[in-house]
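Notes for the structure review
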Amino acid sequence: MKALVALILLVQLAIHKAEAESPPAPLGCDDPESEAAAEVAVNYINGHSHHGYKFALNRIEDIRVVPQGPNIDIIFLELDLLETKCPILSPTPLANCTVRSFAEHAVEGDCDVKLQKVNGILSVLASKCHSHADSREDISKVCPDCPLLANLNDTDVLEAVSAALNDYNSKTTGPYLRLLEIGRAVIQYHPAHVVVTEFAVGATNCSGEEAKANVGACQLLPEDQSNFGFCTAEVVKHPSQDLQVNCQLYGHQVTAPDIPLLSQDTSAGLAPSAVGFTNHNLRLSHNNPVASESSSSEILRSMLSAKSVTKRAVAEAAQHVKVPRPVGFVPPPPPCPGKIRHFDI
């Protein structure tokens, strides 16, 4: 009897030891820990993007966690983002930004992000993103009459932005505004020829009246007084002639983004070079100064390495742990990709 009791105790000790040494279950893409990491990553991406619009999380495509030591993990995320209606310069919190609908010719962002978690605190080491607008064919199938994104250097777009900004500056009692960049534009030809544009602006050290005398002397406000804003304009070219423009200044931003002054004189029209940047493309490659990588391309190599390490660890653990499964057992669905928060594109 004593031998039997001893044998049972040994078996229990072996089970406890195996459980203690076994790797933790992989995170699912919709787990609270994954969503917390994704939130930090998206805020980081928007905080280091200086063009276009803020992006919101649509789905967590994949997550890999590589333990580095006691209370230290490296986390690799693959994220699917969607463009919102908030310009990157807007102080509006991301939670209050509306995601553009599918019918508005949605733009999707794909991001790889590397984070570090130390004692429960998350920080981003590096990120790499690119984006693309949904295909014109997909939009047309669902909404044949929906206007599609136009090229930012289209003549109609350039003329519409120039006319809108000149019109606003001629009537404003506030500061004279200069163009920073064109964000989006759509052109509708039927039943009327309409151009709708969105563009970022910056306040200068001149009033509208002062600019009429010498527009070349008007410069963007210095960093400690910077005041950026955003304009929307609708220009009807046919059958009637009509122009509506609305501009909103956000007030002084503590940290001025590194957006160059693109147009030197909107009264003379916009040069094609003023809109050479395709702003709805999220082309971000950024390394945190504390990251050890010398290039963001290291993210991709690290992610591949992390995936192989994780798969190997799971395979090795499976060889040593035999879990009996009841008859008719159906394995749970894979933990990734996660749920779609807005719509698939």
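Cut-offs used in this document
Residues numbered from 1 in each chain as written. Predicted model: local features only at pLDDT ≥ 70, side-chain atom pairs only at ≥ 80, totals over all residues. Heavy atoms only, no water. Disulfide = S-S within 2.5 Å. Helix = DSSP H or I, 4+ residues; strand = E, 2+ residues; numbered from the N terminus. Buried < 20%, exposed > 50% of the residue type's maximum accessible area, 1.4 Å probe, protein only. Pairing = 2+ DSSP bridges. Axes fitted to C-alpha atoms, helices over the stretch in contact; angles between N-to-C directions. Contact = heavy atoms within 4.5 Å. Expected span 1.5 Å × (residues − 1). Phe/Tyr/Trp six-rings, centres within 6.5 Å; stacked < 30°, edge-to-face > 60°. Lys NZ or Arg CZ within 6 Å of the ring centre and 35° of its normal. Core = buried A, V, L, I, M, F, W, Y, C linked by side-chain atoms within 4.5 Å. Salt bridge = Lys/Arg side-chain N within 4 Å of Asp/Glu carboxyl O. Polar contact = N/O pair within 3.5 Å; in protein donor to acceptor, adjacent residues only side chain to side chain.

A short note on the state of the cysteines
Going through the model one piece at a time under the given rule, you end up with six disulfides. Shown here is the disulfide that connects C86 with C97, its sulfur atoms set 2.2 Å apart. In this structure the cystine formed by C86 and C97 twists about its S-S bond by roughly -105°; its chirality is therefore left-handed. Taken together, the positions of C86 in strand β2 (residues 72–87) and C97 in the loop between β2 and β3 (107–118) put the pair eleven residues apart, joining distant regions of the chain. The exposure classification of C86 matches that of C97, with both residues buried. Covalently, C143 is tied to C146 through a disulfide, its sulfur atoms 1.8 Å apart.

Here we look at the sheet that holds strand β8 (residues 242–252)
The strand order β5-β6-β7-β8 describes an open sheet built from four strands, whose pairing is antiparallel. What marks the edges here is a single partner per strand, and that holds for β5 (175–188) and β8. Across the sheet, the mean angle separating the axes of adjacent strands is 20° when strand polarity is ignored. Two elements, β5 and strand β6 (residues 193–207), share eleven bridges in a ladder whose sense is antiparallel. Note on β6: the bridge partner recorded for V186 is V196. In the packing of helix α4 (residues 155–171) onto the sheet, the strands contacted are β5, β6, β7 (227–238) and β8, and the crossing angle to β5 comes to about 145°.

Overview of helix α2 (residues 32–47)
For α2, with 16 residues, the first-to-last C-alpha span of 22 Å sits near the 22 Å given by 1.5 Å per residue. Every buried residue of α2 is accounted for by S34, A37, A38, A41, V42, Y44, I45 and N46.

Focus on the packing of aromatic side chains
Summed over the entire model, instances satisfying the criterion amount to two aromatic pairs. For the ring pair F102 and F343, a centre distance of 6.3 Å and an interplane angle of 90° mean the geometry is edge-to-face. Pair noted here: F102 is in the loop between β2 and β3 and F343 is in the segment after α6 (297–320), with a separation of 241 residues, a long-range link. Here the basic side chain of R100 rests over the ring of Y53, its NZ or CZ set 4.8 Å away from the ring centre.

So, the nonpolar core
Residues L57, I60, L77, L79, L81, C111 and V113 are the most contacted members of the largest nonpolar core, which totals 24 residues. At the level of secondary structure, the elements contributing two or more residues to this core comprise α2, β1 (53–69), β2, β3 and β4 (121–133). The contact partners of V113, leaving out residues within four places of it in the chain, are A41, I45, I75, F76, L77, L79, V124, A126 and S127.

Looking at the environment of F76
For F76, the position within the fold is in strand β2. Note: C-alpha distance between F76 and V65 (eleven residues apart in sequence) is 6.5 Å.

With respect to the pattern of salt bridges
Under the defined criterion, the tally for this structure stands at twelve salt bridges. A salt bridge links E104 to K85; the shortest N-O distance between them is 3.4 Å. Placement of the pair is E104 in the loop between β2 and β3 and K85 in strand β2, with a sequence separation of 19 residues. Here K85 falls in the partly exposed class, since its relative accessible area comes to 40%. Through salt bridges with shared partners, a single network forms among E83, R100, R184 and E198.

Some points on the pairing of β4
Here β3 runs beside β4; their pairing, made up of twelve bridges, is antiparallel. Within β4, the residue paired with K114 across the bridge is A126. Once β3 ends, the chain turns through two residues before running back antiparallel as β4, passing N119 with a positive phi of about 50°.

What to know about α4
Every α-helix carries 3.6 residues per turn, so stepping three or four residues along brings you back to the same face. With 17 residues, α4 should cover 24 Å at 1.5 Å per step; its first-to-last C-alpha distance of 25 Å lies within 8% of that length. All of the buried residues in α4 are D156, V157, L158, A160, V161, S162, A164, L165 and N169. Between a side-chain oxygen at the N-terminus of α4 and the backbone nitrogen of D156 the separation is 2.8 Å; the capping residue is D154.

Structural notes on the environment of V195
Among the secondary structure elements, V195 is positioned in strand β6. Spatially, the C-alpha atom of V195 lies 6.5 Å from that of V236, the residues being 41 residues apart in sequence. Not counting the four nearest positions on each side in its chain, V195 is found in contact with D156, V157, A160, V186, I187, A233, E234, V235 and K237.

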